[in-house]
Each structure stands twice: as structure tokens, then as C-alpha cells.
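Geometric and topological summary
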Amino acid sequence: MSISATRGVALYVGALLGPGLLVLPGLAAATAGPASILAWAGLLVLSGLVAAVFAMLGPSPGGVAGYVRRGLGDRAGRAVGWCFLAGIISGAPVVCQMGAAYLGLGPAGTALAGGLLLLVVLALTSRGVHTSTSVQLVLVGVLIVVVLIAIVGAAPSMSATNWTPFAPHGWPAIGDAAVVLMLSFVGWEAIAPLTDRFADPRRRLPRVIAIAFAITAVVYLALAAVTIGTAATTDVPFATLLAFPLGAAGPAVAAAGAVVLTIGTANAYLSGGVAMAGARWFFIVVVAVAAVELTFSGLGHLPVTGAVTVATTFFLAVYLGCMAAAVRLLRGVRRWIAATAGVAVVVVLSFAGYALLPALAVVAAALITRSGRLPAQVSPRRSSPQLPRRVPRG
């Protein structure tokens, strides 16, 4: 079943506008103060560069691993594929937990609710791409309406005094905020395994990516500005914003929106993971890792910020591999765009600290493994002869 342009936009927007939208603006503002808006702006530039590179590389039956395999060889492709799957496996429970936090159930109740949300998404994903993208269209529509209500309703309550001091925790805190916020900007790689299912992918993929980027850029900047301007730096900033236009009903609407966002984002990522890895073993591993993560989180031994940073570094490693491969595959200005994006990814990674160790361990394991393709992986040389080893000029 091919994916239409509209469904493609819905998948990308759902992957990019996740539950991090409900939690991370407040965390970033608490980390860097009003200067966190610079982290938002910088990551939007990086996101745009990465989106442009993926559009220039075109569709890939092997997803992000396929891109890297074409440019850097099988081992590098395997390393990126493993990081992609590790990011989904470690990130899915965190995403569901962030959405469940708006239900106000306490640490243990939030962990349990997050696990139930994950099971719902896994059931949805198991029904196939067409069903999941149909649901995604509805979820993204609801999401945009709720976010607009929050932004427009809270904007009149913004105050200039909330923007001073601009950098209360120092300028380096902007980098710390960027690492946390980066989870809101990963998503381009999530749909890569599905791009070959687009109708006329080489013509429609750039258009789909451009529309998705425009939507997310406007939403992110507006939400960041309103969060700072209203001092909504709580653990549930979206509920605070919705309380301006909706009053006492704001938290309830925010909780409903959190569930929608969680299902939409987790569905987009898990659909991409299943397309790359195969359903049976992938679902088993996701459930097993989620049980461990959510148990430790419910007991108070795993902070959300730390779990977010670990998952983020996996996806940053994916981006770095894809940008390096693009430097080999592209020519002219396109190569420089990929190189610039790669340098920017390295800068963000430099603020990850010890959270980078799990990603390094996965990369090392993949590089020293002599064989062992991903379960659903096929050789692009046999199954996809239309993909060139290098993308032609122009």
C-alpha cells in the first residue's frame, strides 16, 4: 500500500511534534531561562538542514541504514541501523511516560499509564502502515487545533518582564538546553524506512518534508515564545498554557492532548522501526525494555531528563552517520549542506556528557560484528538496483 503525500505529512508531523512538545519547553526554559529560545532557533536551523539532506538523498528502502550503507559501507550502515532501533526502543517508553505525566497519577501511576499507552500504540502499529497512517491523520489534526488554542489563548498574558534576565544560568546553559530539546527535533529519520512506499517518492518526498518542516517550525517557535513569556516553566507547561483560555478545563484538555501526542509520535517511530527490523522480535524487545525503564522510573530511580538525553544521543548518532554518508554521496552545494549539518550535530553531541556512552557502545558493537544484518534488512544491491551509489549532480 503506497503512502499519499497527505499521509506522509501526517507521519512526519506526528513524529516531530511529540509529547516532548508538552514537557521539553518548560524543561529548557528552566535550564537556560529565556535564552533557551536561542536553542530552539539553532535546532530549527539544524532540523532544516537535516530535512533538506534527507530530501536530497531521496527514498531509501533500507531507511537510514540504507543511506549510510550506500555512502560508507555495510558496517557503518549496520551501526546506524542499530542506533536507530536502539533510539526507538529506549525512547518509546520515555515518550509514553511524558504523555502520561499529564494525567497527574504520581510516579508509579505515571509509569503504569505510560506502559498502557505503549501497549495501545504497539497494537495500532501491528495493524499495518495504512491503518496507522489513517489514525495519524486524525491525531495530527487534533494536535494542531489543541496547540493553536494554547498559543493563541496564552499569548495575551505574555509579559516582557519574564524575558529578563535573559541568560540567568550563563550562556553555556543554552547547549545543555539544546541536548534536552533535541528530542523534539528528531523525527526525519523515523519515516525514512517508509519513504519507498510513497507514491512517486522522488517527486513528492521533498514537498512532504518541506510542508512538515514549515508546520513544525511555526509551532515550535510560537510555543517556545509563549512558554517563556508566560513563565510556564512547570513540569506540565502545556496545562499551564491551556489554563489561560480554558480555565479549570485546561488541565483536562492538556491531558487529552498528551495522550493524542503520545500515540501519534510513538506510532510514527514504531512504524519505522517495524519496517526496518521486522515485527515479532522488535515488539518483544520494546516491551521488555519498557518494563525495565518504567519500573525504575516508577520507583524514582530513573529521571526523565536522563532517559531523554540517552535516547536523543542514539538519534544524533544516526544523524551524524547520515550526514557523513551524504557528504560522500552528494556533490556541489548539496555536499556542503550535509557537511554543515554534520558539524552542527557534533556540536550538540558535545553537550551530551556520559549519556553518549550507550550510543558509543552500540556503534562499537556494530562495527566489530562481522555479520548479522537487521532481521528485515535486504541487500540494496539485489532488491533496489535503482538506487545509485552516488546521487547525481543537480
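Definitions and cut-offs
Residues numbered from 1 in each chain as written. Predicted model: local features only at pLDDT ≥ 70, side-chain atom pairs only at ≥ 80, totals over all residues. Heavy atoms only, no water. Helix = DSSP H or I, 4+ residues; strand = E, 2+ residues; numbered from the N terminus. Contact = heavy atoms within 4.5 Å. Phe/Tyr/Trp six-rings, centres within 6.5 Å; stacked < 30°, edge-to-face > 60°. Buried < 20%, exposed > 50% of the residue type's maximum accessible area, 1.4 Å probe, protein only. pLDDT = per-residue confidence, 0-100.

Let's talk about the side chain of Thr110
- For Thr110, the location among the structural elements is in helix 6 (residues 106-125).
- Beyond its immediate sequence surroundings of up to four residues, Thr110 is in contact with Gln97, Ala100, Ala101 and Leu105.

Brief notes about the packing of aromatic side chains
- With the rule as written, the count across this model stands at 6 aromatic pairs.
- With a centroid separation of 5.3 Å and an interplanar angle of 45°, the aromatic rings of Trp40 and Tyr220 are classed as tilted. Pair noted here: Trp40 is in helix 3 (residues 36-57) and Tyr220 is in helix 9 (residues 201-229), with a separation of 180 residues, a long-range link. An identical accessibility class is assigned to Trp40 and Tyr220; each is buried.
- Measuring from centroid to centroid gives 6.1 Å for Phe166 and Trp171, while their planes differ by 50°, and the two rings are tilted.
- Looking at Trp171, the relative accessible area reads 54%, which means it is exposed.

Focus: unusual backbone geometry
- In this structure, Pro165 follows Thr164 across a cis peptide bond, with omega equal to -10°.
- The topology assignment puts Pro165 in the loop between helix 7 (129-154) and helix 8 (173-181).
- Positive phi is not limited to glycine here, since Ala231 has a value of about 60°.
- Looking at the element boundaries, Ala231 is found in the loop between helix 9 and helix 10 (237-246).
- The class of Ala231 is partly exposed, set by a relative accessible area of 40%.

Topic: the confidence of the model for the chain
- Considering every residue of the chain, the mean pLDDT works out to 81; 85% of them sit at 70 or more.
- The spread of mean pLDDT over the elements of the chain runs between helix 16 (residues 380-383), the lowest at 37, and helix 14 (residues 333-349), the highest at 93.
- In the predicted structure, residues 375-394 sits below a pLDDT of 50 and forms 36 contacts with residues beyond four places in sequence or in another chain.

Details of the side chain of Ser297
- The topology assignment puts Ser297 in helix 12 (residues 279-298).
- Overall, the relative accessible area of 7% leaves Ser297 in the buried class.
- Ignoring anything within four residues of it in the chain, the contact list for Ser297 reads Gln97 and Leu302.

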